[in-house]
Amino acid sequence: KRAVTAATLQRARLRDEKTVWLTAYDAVSARIAEDAGCDVLLVGDSLGMTCLGLDSTIPVTLDQMIHHTAAVVRGRRHAWVVCDLPFGTYQQSPEQAFASSVRVLQQSGCDAVKIEGGTHIAPTIAFLAERGIAVVAHIGLTPQSVKKFGSYGKRGKSESERAALLQDAKAVSEAGAICMVVENIPADLTAEISAMVEIPVIGIGAGPACHGQVLVFHDLLGISATNPPFAPAYSDLRSMMSAAISRWASDVKSGVFPQ
Ligand code: KIV
Ligand code: NA
C-alpha cells in the first residue's frame, strides 16, 4: 500500500471517496487503526483527556504532543500522521507557530500540524504553508477556547455564528490549509462549507456532507467513560477490558493463576 500524502486527500475528494481519520496516541493503537483501514492518524490534544487524566486540552504541552506523536509515527507504515499544536504554542504569532511546527515535525517525524481557529488564525496558516508546512485547520467547536465559550456545545446555530463560520472556512482554505476539520456544527452548514471550499472537509459531529470523518479512538471503541452525543461507540472495550482484568484478579486471589 502507498503512503498517504496531502495529495492523496485532495485526490480522494475529487473522486468522491471518503477518507477515514481516527485519533491515535501510541504505536499499538496506531498500527491497529491503520491495519483496520484508517487513512489518517490524528494525534489529538484530546490526549489530555483520553490518556493523561486532564479535564481539558488546555494544559497539554508541546513536549507531551511530541512524545505521543513520535510513538504513533513509529507504529504507522503508510497512514498520514497529523499532530495537534496544543494551546499556547501557536496563537501568539506566526513565528511562534512556525517554531512549534518545526519542533513537532523534526522531533516526531509526523506529516502535518493541526491548529484551531478561523479568520484570525488564517495569516498564521499562510505563514506556515508558504514555508512548506502541511497545515490542517480546525473550525467550529474549538476545544482550546472552551474557557471563552463556557461549553463544548454546538457552534453555528445563530445566523451571525453561521456567517462567521462560513468566513472562517473561506479564510483557512484561501490561506493554504491542506484540509480542515469542522467540529460540532449543523449538518446543513457543513454542506454549505463543503460546497464552497476546494479543500477536503473532515467532520466530527458535523453531519454527512464531508469528505471524511474523524472520531476519538476511545469514543469509537467504547473506552471513554462517556461519549459526546455525536460519537457512537462501535464497541464496548471498557467492559471487555474490565472483565478480563477482574477474571485474572480473582484467579490470582483464588490461586488458579498461575498453573
Ligand atoms: O484532539 C482531537 O482529538 C481533535 C479531534 C476531535 C478533531 O482535535
Ligand atoms: Na484537538
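Residues numbered from 1 in each chain as written. Chains lettered and ligands numbered in written order. Predicted model: local features only at pLDDT ≥ 70, side-chain atom pairs only at ≥ 80, totals over all residues.

The name recorded for the chain in an unreviewed UniProt entry is 3-methyl-2-oxobutanoate hydroxymethyltransferase, from Mariprofundus erugo. According to UniProt, the comment filed for the chain under the heading Function (unreviewed entry) is "Catalyzes the reversible reaction in which hydroxymethyl group from 5,10-methylenetetrahydrofolate is transferred onto alpha-ketoisovalerate to form ketopantoate." As stated in UniProt under Sequence similarities (unreviewed entry), the record for the chain gives "Belongs to the PanB family." (UniProt positions renumbered as here; feature names shortened; annotations may be inferred.)

A. A look at the UniProt feature "binding site: Mg(2+)" (unreviewed entry) in the chain. With numbering aligned to this structure, UniProt lists the feature "binding site: Mg(2+)" (unreviewed entry) at Asp45, Asp84 and Glu116. Separation in sequence by 72 residues is not matched in space for these annotated residues, since their most distant C-alpha atoms are only 11.0 Å apart. On the basis of neighbour counts, which here come to 30 C-beta atoms within 10 Å, the residue aspartate 45 falls in the buried class. For aspartate 45, the contacting residues outside a window of four places in its chain are Thr57, Val60, Met65, Asp84 and Pro86. Looking at the element boundaries, glutamate 116 is found in strand β4 (residues 112-116). (Buried ≥ 20, exposed ≤ 12 C-beta atoms within 10 Å, placed from the backbone. Contact = placed C-beta atoms within 7 Å. Helix = DSSP H or I, 4+ residues; strand = E, 2+ residues; numbered from the N terminus.)

B. Layout of the sheet that holds strand β1 (residues 19-23). Strand order in the closed barrel made by the eight strands is β1-β2-β3-β4-β5-β6-β7-β8, with parallel pairing throughout. For this sheet, the mean angle separating the axes of adjacent strands, direction not counted, is 25 degrees. Bridging between strand β3 (residues 80-84) and β4 involves three bridges; their strand directions are parallel. Bridge pairing in β4 links cysteine 83 to valine 113. (Pairing = 2+ DSSP bridges. Axes fitted to C-alpha atoms, helices over the stretch in contact; angles between N-to-C directions.)

C. Examining the site of ligand 1 more closely. Taken together, Thr23, Leu42, Gly44, Asp45, Ser46, Asp84, Val181, Glu183, Ile204, Val214 and Val216 make up the full set of residues near ligand 1. When grouped by side-chain class, the residues that make up the shell around ligand 1 number five nonpolar, three polar and three charged. (Near = placed C-beta within 6 Å. Nonpolar A, V, L, I, M, F, W, Y, C, P; charged D, E, K, R; others polar.)

D. Up close: the packing of helix α6 (residues 122-130) against helix α8 (residues 159-175). Across the interface, α6 lies against α8 with an axial gap of 8 Å and an inter-helix angle of 15 degrees. In terms of orientation, α6 and α8 fall into the roughly parallel class. The element α6 and its partner α8 pack so that their crossing is right-handed. Contacts from Ala122, Ile125, Ala126 and Ala129 in α6 reach Ala171, Val172 and Ala175 in α8. Of the residues in the contact of α6 with α8, the class split is seven nonpolar, no polar and no charged. (Parallel < 35°, antiparallel > 145°, perpendicular 65-115°, else oblique. Left-handed = near helix turned anticlockwise from the far one by under 90°.)

E. Just the packing of α8 against helix α9 (residues 187-196), in detail. Two numbers describe how α8 lies on α9: the axes approach to 10 Å, and their chain directions differ by 30 degrees. One element, α8, and the other, α9, form an angle in the roughly parallel class. Where α8 crosses over α9, the two elements pack in a sense that is right-handed. Residues Arg162, Leu165, Leu166, Ala169 and Lys170 of α8 pack against Leu189, Glu192, Ile193 and Met196 of α9. Considered class by class, the residues forming the contact of α8 with α9 number six nonpolar, no polar and three charged.

F. Structural detail: the pairing of β4. By the criterion of burial, β4 is predominantly enclosed, with five of the five residues buried. Neither face of β4 is open: one carries Ala112, Lys114 and Glu116, the other Val113 and Ile115, and all of them are buried. One crossover worth recording links β3 to the parallel β4 by way of helix α5 (residues 94-108), and it is right-handed. Inspection of the sheet shows β4 paired to strand β5 (residues 135-140) by four bridges, in the parallel sense. Paired with lysine 114 across the bridge in β5 is valine 136. Handedness of the crossover is the feature at issue here: the chain leaves β4, passes through α6, returns alongside β5, and the resulting connection is right-handed. (Right-handed = clockwise from strand over helix to strand, strands pointing away.)

G. Structural context of unusual backbone geometry. Cis rather than trans, the peptide bond between phenylalanine 257 and proline 258 has omega equal to -5 degrees. Assignment of secondary structure puts proline 258 in the segment after α11 (237-254). Its identity is not glycine, yet aspartate 16 carries a phi of approximately 65 degrees, on the positive side. For asparagine 184, which is not glycine, the phi dihedral falls at a positive 50 degrees. Inspection of the secondary structure puts asparagine 184 in the loop between β6 (179-183) and α9. Overall, the presence of 20 C-beta atoms within 10 Å leaves asparagine 184 in the buried class.

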